[in-house]
Amino acid sequence: MNGVTTTTGQKLDSFGKTFDKLPKRALSRVGVVDVGSNSVRLVVFDGAARSPAYFYNEKVMAGLGAQMVETGRLNPTGVERAIITLRRFATLAKGMDIEPLTCVATAAVREAEDGPAFEQRVQRETGLKLHIIDGEEEARLSAQGVLLGWPEAKGLVCDIGGSSMELAEVANGKVGRRVTSPLGPFRLQQVQGGKDGLKKHIRKIMKELAEKLGTDHERIYLVGGSWRAIARLDMERVNYPMTVLHEYRMDPKAVTQTVDWIAAHELNDLRARVGISSSRMELVPLASLVLAELVETFQPKELAVSSYGIREGLLYEHMSDSLRKRDPLIEAARFTERQMARMPGFGKKLHLFLEPLFKGAPPERDRLIRAACLLHDTTWRAHPDYRAEACFDNVTRANMAALSHPERVFLGLALLHRYKNSRAKSPMAPLFDLLTEEQIRDAEILGKAMRFGAMFSIDDPADAGKLTWLPQKKELRLKLTRTGRELMGEVAQSRFKGLASAMGAEGVVVD
């Protein structure tokens, strides 16, 4: 069937035990090398176990798979670039005390005639052991990367590389059926028959993929540099106010419009506008045709871009089930508080103090409130004149998972108001358009609640008083303790009044 293969959930072979062999000291800082058909990348993860930060991230567009369909061999220039790059990565890992690196190679190396020779040369000249994975395993690891970022992900993961494209089902924290196909741009460069022949070829293979996986998937998660390049171009086309690609959403109509828009423009002009590398941009027209057919065949309601893929999937592989079930946003916020707040642990106390204001909040809002409280004091070192904007900027651009773009802005706006009463003339104003008026109001209330609660007490605001919200009376009541009466000075009174005003309520202080 034109190279389309499938499998359903067998456990990893010995490669899957790689992480188990790592010494415990290395698990807090894990290095992964991904040798793909187009790029060779090193990522070093560090920080919160469930939502690690990228301690180090370097990529070289080696182009190992270029012309491979025509020659059956790896691109000689790409081989030399890859060897030089891998030698550098091995040296960097030693300097960071990360050994061994976990190294995977995908379609180009597994399918090339000289793939085994390349594998041996890598080990001989760099000391790195390449684990060459098949297409189904590549699909599984990419899907696990999506699950690292979206614990509740449900739908189809589509990972496009230089020489192949993989699909995998995800639901209930599990990876289901997987298929691999020869729909990578390098392979498509060799298809005969012009554009019509190319479209026919893509359509035929896509139909086979649909027969294997069905077409009842409402969301498709897009993994891979070519998809991210197209998403960045979609942002440019619609003048989207944020350039964070992870969790960027597109509907089928937007995909169709962007594919047509790309075809109508010179690639060099587009590249200059968005800063995509020339080697990546060369693959965009072919990837666009694949994406258009993917949407046409599978008819999803939404497509979501994932910056997480194989490398994150390898990290996810090592996580226990209990760790996988934790909220990545809350874990990242807790880690950030421990590292950067003046009084780690105060965020939880602040949340408990403010909880009466947000009773009945749905889970998706409650987690944002909790995260905001944990992050409320993590930019205290910034200059006071820029602290509010620094909060906003940090959150909207941070490497945090399980956080949609509107949620990023909501969280950022709440933190902005934690340090600043007014958002008038804010340079961040264009991003506020991602929120409704009600969401903007709610973010302001949360921010002003934190602004009051953060200075109402040094150790625990509950020691100073108790908040009660009476929505029917539109009354915000603060019952003071003896300590609270001593702390309720002019500034505290002003901030409490500002919070009540934002809620459209009367503020009542009870001694």
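This structure is a prediction, so every number in the text was calculated from the model and none was measured.

Once that is clear, we can look at the overall build of the protein chain. Within the protein chain, the secondary structure is distributed over 22 helices and 15 strands. Taking 2.2 N^0.38 as the reference for a compact globule, 511 residues should give roughly 24 Å; the C-alpha atoms of the protein chain span a radius of gyration of 25 Å, in line with that estimate. Per-residue burial over the protein chain gives 57% buried out of 511 residues. As presented, the protein chain carries roughly 22,700 Å² of accessible surface, and 48% of it is formed by carbon and sulfur atoms.

Take the sheet that holds strand β13 (residues 465-470) next. Sheet strands pair via backbone hydrogen bonds, and the direction of the pair is either parallel or antiparallel. Taken in spatial order, the 3 strands make up an open sheet running β13-β14-β15, and their pairing is mixed. Bordering the open sheet on either side are β13 and β15 (506-510), each of which pairs with just one other strand. Averaged over neighbouring strand pairs, the angle between their axes works out to 20° when direction is ignored. Pairing between β13 and strand β14 (residues 475-480): 6 bridges, direction antiparallel. Residue pairing across strands places threonine 468 opposite arginine 477, the latter belonging to β14.

So, on to the pattern of salt bridges. The final tally for this structure, using the stated rule, is 38 salt bridges. Glutamate 302 is the salt-bridge partner of arginine 249, the closest N and O atoms lying 3.1 Å from each other. One end of the pair, arginine 249, is in strand β11 (residues 249-250); the other, glutamate 302, is in strand β12 (residues 302-306), with 53 residues separating them in the sequence. For glutamate 302, a relative accessible area of 22% puts it in the partly exposed group. Look at the salt bridges and you will find they share partners, linking Arg110, Glu111, Glu138, Glu166 and Arg187 into a network.

Bringing the side chain of threonine 85 into the picture now. Take threonine 85: it is sitting in helix α2 (residues 76-95). At a separation of 2.7 Å, a polar atom in the side chain of threonine 85 contacts the main-chain carbonyl oxygen of arginine 81. Other than its neighbours up to four places away in sequence, threonine 85 contacts Val40 and Val60.

It is worth spelling out the sheet that holds strand β5 (residues 102-105) at this point. Taken together, the 5 strands give an open sheet; going across it, the order is β4-β3-β2-β5-β6, and neighbouring strands pair in mixed fashion. The sheet terminates laterally at β4 (53-60) and β6 (130-132), the two strands that pair on one side only. For this sheet the average axis-to-axis angle between neighbouring strands, irrespective of direction, equals 20°. When strand β3 (residues 40-46) meets β4, the two strands line up antiparallel, connected through 7 bridges. Note on β4: the bridge partner recorded for leucine 42 is glutamate 58.

Next up on the list: empty space enclosed by the protein. Per the counting criterion, the structure on display carries 3 cavities of 30 Å³ or more. Estimated volume of the largest cavity: approximately 330 Å³. Around the largest cavity, the lining is made up of 26 residues, and of these Asp34, Asp159, Ile160, Gly161 and Gly224 lie nearest the centre. When residues of the lining of the largest cavity are traced back to their parent elements, those giving at least two are α5 (135-149), β7 (155-160), α8 (225-238) and α13 (310-318).

This part is about the layout of surface pockets. Counted as a void, the largest pocket has a volume near 590 Å³. Lining the largest pocket are 27 residues, with Arg41, Arg228, Leu245, His246 and Ser307 sitting closest to its centre. Within the residue set of the lining of the largest pocket, elements represented by two or more residues are β3, β4, α8 and α13. Tallying contributions element by element places α8 first for the lining of the largest pocket, with 4 residues.

In this section: the UniProt feature "domain: Ppx/GppA phosphatase N-terminal" (unreviewed entry) in the protein chain. Under the present numbering, the feature "domain: Ppx/GppA phosphatase N-terminal" (unreviewed entry) in UniProt falls on residues 44-319. Its end C-alpha atoms 16 Å apart, residues 44-319 is made of 51% helix and 18% strand.

When the UniProt feature table is mapped to this numbering, "domain: Exopolyphosphatase C-terminal" (unreviewed entry) covers residues 364-505. Taken end to end, residues 364-505 has its terminal C-alpha atoms 25 Å apart, with 54% of it in helix and 8% in strand.

Looking now at unusual backbone geometry. Of note, the phi angle at glutamine 67 is positive, near 65°, even though the residue is not glycine. Its relative accessible area of 38% is what places glutamine 67 among the partly exposed residues. At lysine 425, a residue that is not glycine, the phi angle is positive and equals roughly 60°. When you line up the elements, lysine 425 lands in the loop between α19 (405-419) and α20 (437-456). We classify lysine 425 as exposed; its relative accessible area is 85%.

Before going further, it helps to spend a moment on the pairing of strand β9 (residues 174-181). Pairing geometry for strand β8 (residues 165-171) and β9, over 6 bridges, is antiparallel. Bridge pairing in β9 links valine 170 to valine 175.

Moving on to the packing of helix α16 (residues 346-354) against helix α17 (residues 363-375). Orientation of α16 relative to α17, taken along the N-to-C sense of each, is 130°, at an axis distance of 7 Å. On the basis of the axis angle, α16 is oblique to α17. The element α16 and its partner α17 pack so that their crossing is right-handed. In contact with Gly347, Lys348, Leu350, His351 and Leu354 of α16, α17 contributes Asp366, Ile369, Arg370, Cys373 and Leu374.

A complete count under the given rule lists 9 aromatic pairs for this structure. When the ring of tyrosine 240 is compared with that of tyrosine 248, the centres are 4.9 Å apart and the planes differ by 70°; the resulting orientation is edge-to-face. Residue class for tyrosine 248 comes out buried when judged on its relative accessible area of 3%. A connected cluster of aromatic rings, assembled from ring pairs, spans Phe353, Phe452, Phe456 and Phe496. Positioned above the aromatic ring of phenylalanine 55 is the side chain of arginine 29, whose terminal nitrogen or guanidinium carbon lies 3.7 Å from the ring centre. Over the face of the ring belonging to tyrosine 419 we find arginine 418, whose NZ or CZ atom lies 4.2 Å from the ring centre.

This part is about the environment of valine 290. Among the structural elements, valine 290 can be located in helix α12 (residues 284-298). Exposure remark for valine 290: the relative accessible area of 0% places this residue in the buried category. Here the alpha-carbon distance between valine 290 and methionine 206, two residues 84 residues apart in the chain, equals 8.6 Å. Here valine 290 is in contact with Met165, Leu183, Leu188, Ile202, Met206 and Trp227, once residues within four sequence places are set aside.

The rules we used
- Residues numbered from 1 in each chain as written.
- Predicted model: local features only at pLDDT ≥ 70, side-chain atom pairs only at ≥ 80, totals over all residues.
- Heavy atoms only, no water.
- Helix = DSSP H or I, 4+ residues; strand = E, 2+ residues; numbered from the N terminus.
- Rg over C-alpha atoms; globule rule 2.2 N^0.38 Å.
- Buried < 20%, exposed > 50% of the residue type's maximum accessible area, 1.4 Å probe, protein only.
- Areas by Shrake-Rupley, 256 points an atom, 1.4 Å probe, with all protein chains shown as cover.
- Pairing = 2+ DSSP bridges.
- Axes fitted to C-alpha atoms, helices over the stretch in contact; angles between N-to-C directions.
- Salt bridge = Lys/Arg side-chain N within 4 Å of Asp/Glu carboxyl O.
- Polar contact = N/O pair within 3.5 Å; in protein donor to acceptor, adjacent residues only side chain to side chain.
- Contact = heavy atoms within 4.5 Å.
- 1 Å grid on protein atoms, 1.4 Å probe; cavity = no way out; pocket = protein on both sides within 12 Å on 5 of 7 lines; lining within 4 Å.
- Points joined across faces, edges and corners; volume = space filled by probe spheres on them.
- UniProt positions renumbered as here; feature names shortened; annotations may be inferred.
- Parallel < 35°, antiparallel > 145°, perpendicular 65-115°, else oblique.
- Left-handed = near helix turned anticlockwise from the far one by under 90°.
- Phe/Tyr/Trp six-rings, centres within 6.5 Å; stacked < 30°, edge-to-face > 60°.
- Lys NZ or Arg CZ within 6 Å of the ring centre and 35° of its normal.

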